[in-house]
Amino acid sequence: MVRSLVPWGFGAPQVFERFRREMDQLFSDFLGNENGGEHVLAFAPRTNVAETDTHYELTVDLPGLKADDFTVELKDGNLWISGERKEETEQKGKTWHRIERQYGHFRRVFPLGADVDPDRIEAEYKDGVLRVTVPKSEAMRPKKIEVKA
């Protein structure tokens, strides 16, 4: 068997993964977390956040999911993306040598500033990537002021 250095959490035997989740839960229960003390979720999809002069753009990797498997909501000035990736059912006759894919519930919460236009938020899901465009309000956009000489 080949041995290599692998980042913790990637390819760790199942018993260690279970232990890691239990420790995350313990710390979450004791110290709370960024979701207001709610339980630590199984995984957090990778997300990029970008800003232009006119809008914010979030791209979330959600491969293998259907649009019905997750929700995008605006709550109290925060953008909530939540859902569930269901674990594949075990199949008889297969011997698993490595399990790296993560399953379970997920929730990502992104605070939005007061400079957004909540009525024009758009979400598009294509090829396993969710793209959410959050336009800035016209009044809050930067305005160039001409200097007279």
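Look above for the structure.
Residues numbered from 1 in each chain as written. Predicted model: local features only at pLDDT ≥ 70, side-chain atom pairs only at ≥ 80, totals over all residues. Heavy atoms only, no water.

What about the overall build of the protein?
Applied cut-off: Helix and strand assignments follow DSSP, with helices taken as H or I runs no shorter than four residues and strands as E runs no shorter than two, numbered in order from the N terminus. Three labels apply to residues, based on accessible area from a 1.4 Å probe with only protein chains included: buried if under 20% of the type maximum, exposed if over 50%, partly exposed otherwise in between. It only takes one pair of heavy atoms within 4.5 Å for two residues to be counted as in contact.
The number of helices and strands found in the protein is one helix and seven strands. Order of helices (α) and strands (β) in the protein, N terminus to C terminus: α-β-β-β-β-β-β-β. In the protein, buried positions account for 24% of the 149 residues. By sequence separation, contacts in the protein at least 24 residues apart represent 53% of the contacts at least 6 residues apart.

With respect to the pattern of salt bridges
As a reminder of what qualifies: Salt bridge, as used here: a side-chain nitrogen of Lys or Arg that lies within 4 Å of a carboxyl oxygen of Asp or Glu.
Tallied over the entire structure, the rule returns five salt bridges. Between E84 and K86 there is a salt bridge, with its nearest N and O atoms 3.6 Å apart. For E84, a relative accessible area of 27% translates into the label partly exposed. Note that D117 and R120 form a salt bridge whose closest N and O atoms lie 3.3 Å from each other. A residue is classified by how much of its surface remains accessible, and R120, at 38% relative accessible area, is partly exposed.

Things to note about the nonpolar core
Let me state the cut-off plainly: Residues belong to a common nonpolar core when they are buried Ala, Val, Leu, Ile, Met, Phe, Trp, Tyr or Cys residues joined through side-chain atoms within 4.5 Å.
In this structure, L62, L79, I81, F106, L130, V132 and V134 are the most contacted members of the largest nonpolar core, which totals 16 residues. Taken together, the elements giving at least two residues each to this core come down to β2 (55–61), β4 (78–85), β5 (104–111) and β7 (129–135).

Regarding the side chain of S137
Note on placement: S137 falls in the segment after β7. Setting aside chain neighbours within four positions, we find S137 in contact with D115, V116 and D117.

Re the environment of L79
Along the chain, L79 turns up in strand β4. Distance in space between the C-alpha atoms of L79 and F110 is 5.1 Å, their sequence separation being 31 residues. Setting aside residues up to four positions removed in sequence, L79 forms contacts with L58, V72, E73, L74, R108, V109, F110, L112, V132 and V134.

Considering the pairing of β4
Formally: The pairing criterion for strands is at least two bridges between them, as found by DSSP.
With six of eight residues buried, β4 lies mostly within the body of the structure. Pairing analysis gives eight bridges linking β4 to β5, with the strands arranged antiparallel. By the bridge assignment for β5, L79 is matched with F110.

Structural notes on the sheet that holds strand β1 (residues 47–51)
As a reminder, the rule being used: Think of each axis as a best-fit line through the C-alpha atoms, taken over the contacting stretch in the case of a helix, with angles from 0 to 180 degrees between the N-to-C directions.
Ordered in space as β1-β2-β7-β6, the four strands form an open sheet in which the pairing is antiparallel. With one partner strand each, in any of the chains shown, β1 and β6 (122–126) form the two edges of the open sheet. Averaged over all neighbouring strand pairs, the angle between strand axes comes to 15 degrees, with direction disregarded. Bridge analysis of β1 against β2 gives five bridges, and the strand direction is antiparallel. For E51, the partnering residue across the bridge sits in β2 and is Y56.

Notes on unusual backbone geometry
Backbone geometry follows two general trends: most residues other than glycine have a negative phi, and most peptide bonds adopt the trans configuration. Despite not being glycine, D76 has its phi angle at roughly 50 degrees, a positive value. Of note in this structure, D127 is not a glycine but carries a positive phi near 55 degrees. Along the chain, D127 turns up in the loop between β6 and β7.

Fair warning: the whole summary comes from geometry, so function is off the table for now.
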